[in-house]
Amino acid sequence: MPISSINPATGEVLQTFDSLNEHQLEEKIARAAEAFHEHRRTSFAERAERMMRAAEILESEKKSFARTMTLEMGKPINAAVQEAEKCAWVCRYYAENAERHLGDEIVETNATKSFVRYQPLGVVLAVMPWNFPFWHVFRFAAPALMVGNVGLLKHASNVPQCALAIEDIFHRAGFMEGAFQTLLAGSDVVEKILEDPRVAAATLTGSEPAGRSVASIAGKQIKKTVLELGGSDPFIVMPSANFEEAVSTAVKARTINNGQSCIAAKRFIIHDGIYDRFEKEFVDAMKRLRVGNPIEESTDVGPLATERILKDLEDQVKVSVAAGAKILTGGQRMKFDGELSRGHFYEPTVLADIPKDSPAFRDELFGPVASLFRVSSLDEAIELANVTTFGLGSAAWTNDESERDRFINELEAGSVFINGMVASDPRLPFGGVKHSGYGRELAEFGIREFMNIKTVWMK
Ligand code: NAP
């Protein structure tokens, strides 16, 4: 089946590509396996030099990469430029720190000398989503290549141009043929690749069903996986918080990337003492957002990435409303001058009075739809925050020390941000608990995921 690049703001088909055939896939896997034997023997210094070059390419051509991202998946152009810059940052971070994270670790035992040595595993398959089409790939690829692993990228089918651009960056940066390859293919090839003995491990960033599938196939093959899955992050505001800052951050945290971020704040849990004021100011700010073509710098919120995502979101809101949720603003496909667009636009939306058995309570809403909840105590806030099956990020706004400590200790999530918005940073580990996945990316935790942690004991 051909793979198409479609502009979600206009519906225009930008380019189509043939999927890899079996023979081409076999060639790519063989090339990756060969490349591993050479690449793993290069020094940290050589790999760091290439990674620094990748960072330079990303930075010097950021506008062009940003355009590719925006045209292919609809993220606002300024955010796309920042995404390219962040990729340069993660390349530099691992170029500068990989060797330090992976030095031999001496352990005193009954041996004359005993230590831990980190060694690469081999070919790692990366199954990646379209929502941060550069960042998710680079946060995997920079540490993977720095440790001597090689990468095969199965990117989301709607971002083939991004996938090819990333392969080209590593090639131009000087990484050897086969060290990082893009496989233009649908998700049906994943099983075959994972069953191939030349492939050592896999990482998947994406939805829960995709994660379950990859984990079970890899499990049968006894292959290591890292899963970065969905989230329905809570954003809790208590009366002692800086109110204005909490409101403006809440709007940004919900609508970043047109609402399509795993760590976007999705459930706003507001203390009774400030709820009414919060609801009013939050709704007013959501109404003020400029929705439009993401290629224009003035746009705050662009289209959803595909018609399917728009339809899913529309259905989730309809079912939630039919169950009793109230729409405070939005709730429809976006019209421009009274007309529906060919793009996949949805109005920034706020829901309240959300019943327990509705999608807005239970599921991840992947678009600019915020769910508001009123609570009367800290205990209730924590209980509601933890009620979902997800556990990716969480944010809590308070200036009370004892409340802060309880949030840090009791929120069931891979991260807790106090008085701030959840965001990833190369220096800090990133990942989830519960159905949001397992394993960590970034920092020294991420770089050690696909390694043989070898014990060495000498008499
Ligand atoms: P998705 O449908 O799961 O797709 C992600 C990737 O998995 C794509 O490359 C897709 O390929 C592939 N895929 C889909 N089904 C598969 C299967 N059964 N077996 C193997 N591969 C499969 O997810 P999405 O809609 O692109 O992304 C949105 C989801 O990702 C949200 O739930 C979001 O929260 C999550 N996410 C999590 C993180 C994190 O760091 N935790 C970051 C970003 C996004 P095709 O495109 O060819 O179908």
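The structure under discussion appears in the preceding block.
## Let's talk about the sheet that holds strand 20 (residues 451-458)
Part 1: Pairing in this open sheet of 3 strands is antiparallel, and the strands run 3-4-20 from one edge to the other. Strands with a single pairing partner mark the edges of an open sheet, and in this sheet they are strand 3 (105-106) and strand 20.
Part 2: Alignment of strand 4 (residues 113-120) against strand 20, held across 8 bridges, turns out to be antiparallel. Opposite Val116, over in strand 20, you have Thr455 as the bridge partner.

## Some remarks on unusual backbone geometry
Part 1: You will see that Asn419, though not glycine, has its phi angle at about 55°, which is positive.
Part 2: On the secondary structure map, Asn419 appears in the loop between strand 18 (417-418) and strand 19 (437-438).
Part 3: By relative accessible area, which is 27% here, Asn419 ends up partly exposed.
Part 4: Of note in this structure, Ala443 is not a glycine but carries a positive phi near 55°.
Part 5: When you line up the elements, Ala443 lands in helix 15 (residues 443-447).

## Comments concerning the sheet that holds strand 6 (residues 150-154)
Part 1: Read across the sheet, 6 strands follow the order 7-6-5-8-9-19 without closing on themselves; strand pairing throughout is mixed. Sheet topology places strand 7 (180-182) and strand 19 at the edges, where each strand pairs with a single neighbour.
Part 2: Both strand 5 (residues 123-127) and strand 8 (residues 199-205) contribute to a ladder of 5 bridges, which runs parallel. Its bridge partner being in strand 8, Leu125 is matched across the sheet by Ala202.
Part 3: Helix 5 (residues 135-147) contacts strand 5, strand 6, strand 7, strand 8 and strand 9 (224-228) of the sheet and is inclined by roughly 150° relative to strand 7.

## Side note on helix 11 (residues 307-322)
Part 1: The terminal C-alpha atoms of helix 11 lie 22 Å apart, and with 16 residues this matches the ideal 22 Å at 1.5 Å per residue to within 8%.
Part 2: Here helix 11 has its buried residues at Ile309, Leu310, Leu313, Glu314, Gln316, Val317 and Ser320. One side of helix 11 carries all its buried residues, which in axial view fall inside an arc of 160°. For helix 11, the exposed residues set more than 90 degrees away from the buried face come down to Arg308, Lys318 and Ala322.

Calculation criteria
Residues numbered from 1 in each chain as written. Predicted model: local features only at pLDDT ≥ 70, side-chain atom pairs only at ≥ 80, totals over all residues. Heavy atoms only, no water. Pairing = 2+ DSSP bridges. Helix = DSSP H or I, 4+ residues; strand = E, 2+ residues; numbered from the N terminus. Buried < 20%, exposed > 50% of the residue type's maximum accessible area, 1.4 Å probe, protein only. Contact = heavy atoms within 4.5 Å. Axes fitted to C-alpha atoms, helices over the stretch in contact; angles between N-to-C directions. Expected span 1.5 Å × (residues − 1). Arc of directions from axis to C-beta.

All quantities given are derived from atomic positions and should not be read as evidence of function.
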